[in-house]
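# Structure assessment
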Amino acid sequence: MSDDVELPPHRFAGLVAPAVDRVFAAGILAGRDGGGAELSQRYGGPAATGFLVEFRTRLAAPGGTVDPAGFAAVTRYRDPASCQRALDKQVAYGMLHRRPDGCLSATERGLAFLEELFQVHAEVTEELWAGHDERVLRLVEALGRLLAHALVSAEEETDVLGDAFAVTAPPYEPDGTAPGVLLLNRLGTLRYHRADAHAAAWTAAGHTAHSVNELPAGPERLAIELETDRRASGPYAALTAEERLTMLADLAALPG
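Residues numbered from 1 in each chain as written. Predicted model: local features only at pLDDT ≥ 70, side-chain atom pairs only at ≥ 80, totals over all residues. Heavy atoms only, no water.

So, about the packing of helix α1 (residues 9–42) against helix α9 (residues 179–204). One can describe the packing of α1 onto α9 by two numbers: an axis separation of 9 Å at closest approach and a directional angle of 135 degrees. On the basis of the axis angle, α1 is oblique to α9. α9 is crossed by α1, and the crossing has left-handed handedness. Residues A13, G14, A17, V20, D21, V23, F24, G27 and I28 of α1 pack against L184, L187, G188, L190, R191 and R194 of α9. Tallied by class, the residues present in the contact of α1 with α9 amount to 9 nonpolar, 3 polar and 3 charged. (Axes fitted to C-alpha atoms, helices over the stretch in contact; angles between N-to-C directions. Helix = DSSP H or I, 4+ residues; strand = E, 2+ residues; numbered from the N terminus. Parallel < 35°, antiparallel > 145°, perpendicular 65-115°, else oblique. Left-handed = near helix turned anticlockwise from the far one by under 90°. Contact = heavy atoms within 4.5 Å. Nonpolar A, V, L, I, M, F, W, Y, C, P; charged D, E, K, R; others polar.)

Okay, the nonpolar core next. Of all hydrophobic cores here, the largest spans 32 residues; its most connected members are L183, L187, L190, M247 and L251. Elements with a contribution of two residues or more to this core: α1, α7 (133–155), α9 and α12 (241–253). A per-element tally of this core places α7 first, with 9 residues. Non-local contacts of L251, meaning those with residues more than four positions away in its chain, are made with V16, A19, V20, R22, V23, L139 and L187. Membership of the second largest hydrophobic core comes to 30 residues, among which are A30, V74, M95 and L114. (Core = buried A, V, L, I, M, F, W, Y, C linked by side-chain atoms within 4.5 Å. Buried < 20%, exposed > 50% of the residue type's maximum accessible area, 1.4 Å probe, protein only.)

Take the confidence of the model for the protein chain next. For the protein chain, per-residue confidence averages 94 on the pLDDT scale, and 95% of positions sit at 70 or higher. In this model residues 1–5 is a low-confidence stretch, pLDDT under 50, and it forms 9 contacts with partners more than four residues away in sequence or in other chains. (pLDDT = per-residue confidence, 0-100.)

Moving on: helix α6 (residues 108–128). Between its first and last C-alpha, α6 extends 30 Å over 21 residues, near the 30 Å set by a 1.5 Å rise per residue. Regarding α6, the residues found buried are G110, F113, L114, L117, F118, V120, H121, A122, V124 and T125. On the buried face of α6, the contacting elements are α1, α2 (46–54), α3 (56–59), β2 (104–106) and α9. (Expected span 1.5 Å × (residues − 1).)

Right, let's talk about the side chain of H207 for a bit. Within the fold, H207 resides in the loop between α9 and α10 (209–213). Classification of H207 by relative accessible area gives buried; the value is 14%. At 2.9 Å, the side chain of H207 forms a polar contact with the side chain of S211. A polar contact is formed between the side chain of H207 and the side chain of E220, at a distance of 2.7 Å. (Polar contact = N/O pair within 3.5 Å; in protein donor to acceptor, adjacent residues only side chain to side chain.)

Turning to the environment of F71, a few remarks are in order. Locating F71 in the fold gives a position in helix α4 (residues 68–74). Exposure remark for F71: the relative accessible area of 6% places this residue in the buried category. Taking C-alpha positions, F71 is 21 Å from L117, a pair spaced 46 residues apart along the chain. Beyond its immediate chain neighbours, meaning those up to four positions away, F71 contacts F51, F55, V66, C83, Q84, L87 and L104.

The interhelical angle for the contact between α1 and α6, taken along N-to-C directions, is 140 degrees, at an axis separation of 8 Å. Between α1 and α6, the crossing angle belongs to the class labelled oblique. Crossing of α1 over α6 shows right-handed handedness. Contacts between α1 and α6 involve A26, G27, I28, A30, G31, G34, G35, G36, L39, S40 and R42 from the first element and R109, F113, E116, L117, V120, H121, V124 and L128 from the second.

Next comes the structure, spelled out in structure tokens:
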């Protein structure tokens, strides 16, 4: 199958994005409804745990920190003052530690929460995607190659490493991490690669996070989406055209 004719990376980037979003959202919602909400309440509720969940792939790692640029990139569509107030509360709850340079890390209590959260995600994804073990493992392997390709490309300066992707990749994956957790977190990290591509596309078009959200459907929005696909396509060069189709089919087949 020729990449020049059949689903080249830039076309695939646009096709796979909603499938990635759907499967990721299904896993996150299953985690919330399958014990995550109760777990969060035990630690103080969303006001205490929200950013720990959002930055879990970095903060769960030994010595993992989130720098101000990464925090701003991940929260770029939200009001900065509101985000800082929420962050202040989570620091006050003793879940996050904020260094003088603004970098964030999880406290012992925060790490304990994340360890329990990963276990909840392991249990719910095993149930959600039961009977699809082969698909899950195939997707985990493909996503691992995609993320590795994106990181290597950035190091070789053939691609730009955006701040949201940089602060979430590579996801923390200790030995014994359940396949469902690997899939969920690798999907989440890949979404930030596209988020950075989207931000680069609308910035190049002269927009801000606010103005692009107000942009109606039409030629200008379409042009930004096509440019997003182009900028987000880099990792998919790690897969053959046939592997891209398999990935799309595997995502489509997963429940949720």
